[in-house]
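# Understanding the architecture of this molecule
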Amino acid sequence: MADIYCPKCAEPWDIYSLHDVPGLTFDEARAKFTREGCETFDSKCTGDEELTEADRLKAMAASAVMDMSPHPDDWAADMADFDLFL
């Protein structure tokens, strides 16, 4: 189940993946994900030219949600609210 979305490309990720980032604590992985997105998991973000308009909007929403709260559980709940509109 995808709970959180990359703030750069809107790739869905399971919130528990943040616990499994080698060499990082959960909080360090969370902070890195807000800055670097998919690269946190050694994955490359989709290029901007390949994003659909819906993915661009979802990535912008994910970034805004992350700015509002440092808690990934909040991100998941807030993005679920956005899904009504995206």
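Here we summarise the structure given alongside this text. (Residues numbered from 1 in each chain as written. Predicted model: local features only at pLDDT ≥ 70, side-chain atom pairs only at ≥ 80, totals over all residues. Heavy atoms only, no water.)

### Some points on the pattern of salt bridges
Counted only if it meets this: Think of a salt bridge as a Lys or Arg side-chain nitrogen and an Asp or Glu carboxyl oxygen that are within 4 Å of each other. In this text, helices come from DSSP runs of H or I with a minimum length of four residues, and strands from runs of E with a minimum of two, each type numbered from the N-terminal end. We call a residue buried when its accessible area falls under 20% of the maximum for its residue type, exposed when it is over 50%, and partly exposed in between, using a 1.4 Å probe and counting protein chains only.
The full count for this structure, using the stated rule, is two salt bridges. Notably, a salt bridge pairs Asp 27 with Arg 30, separated by 4.0 Å at the nearest N-O pair. Here Asp 27 pairs with Arg 30, and both are found in helix H1 (residues 26-36), just three residues apart, close to one helical turn. Under the relative-accessibility criterion, Asp 27 is labelled partly exposed at 48%. Looking at Arg 30, the relative accessible area reads 18%, which means it is buried.

### Quick word on the packing of aromatic side chains
Selection criterion: In this scheme Phe, Tyr and Trp rings, the latter by its six-membered ring, pair at centre separations within 6.5 Å, and the angle between planes marks the pair as stacked below 30 degrees, edge-to-face above 60, and tilted otherwise.
Counted under the stated rule, the structure contains three aromatic pairs. Ring centres of Phe 33 and Phe 41 lie 5.6 Å apart, and the angle between their planes is 50 degrees; this geometry places the pair in the tilted category. Just as Phe 33 is buried, Phe 41 falls in that class too.

### Description of the nonpolar core
To keep it simple, the criterion reads: Remark: nonpolar core denotes a set of buried residues (Ala, Val, Leu, Ile, Met, Phe, Trp, Tyr, Cys) joined through side-chain atoms within 4.5 Å.
Formed by 20 residues in total, the largest nonpolar core has its most connected members in Ile 4, Cys 6, Trp 13 and Phe 33. For this core, the secondary-structure elements that each account for two or more residues are strand E1 (4-5), H1, helix H2 (53-68) and helix H3 (72-82).

### Quick word on the environment of Trp 13
One can find Trp 13 in strand E2 (residues 12-13). Separated by 25 residues in sequence, Trp 13 and Cys 38 place their C-alpha atoms 8.6 Å apart.

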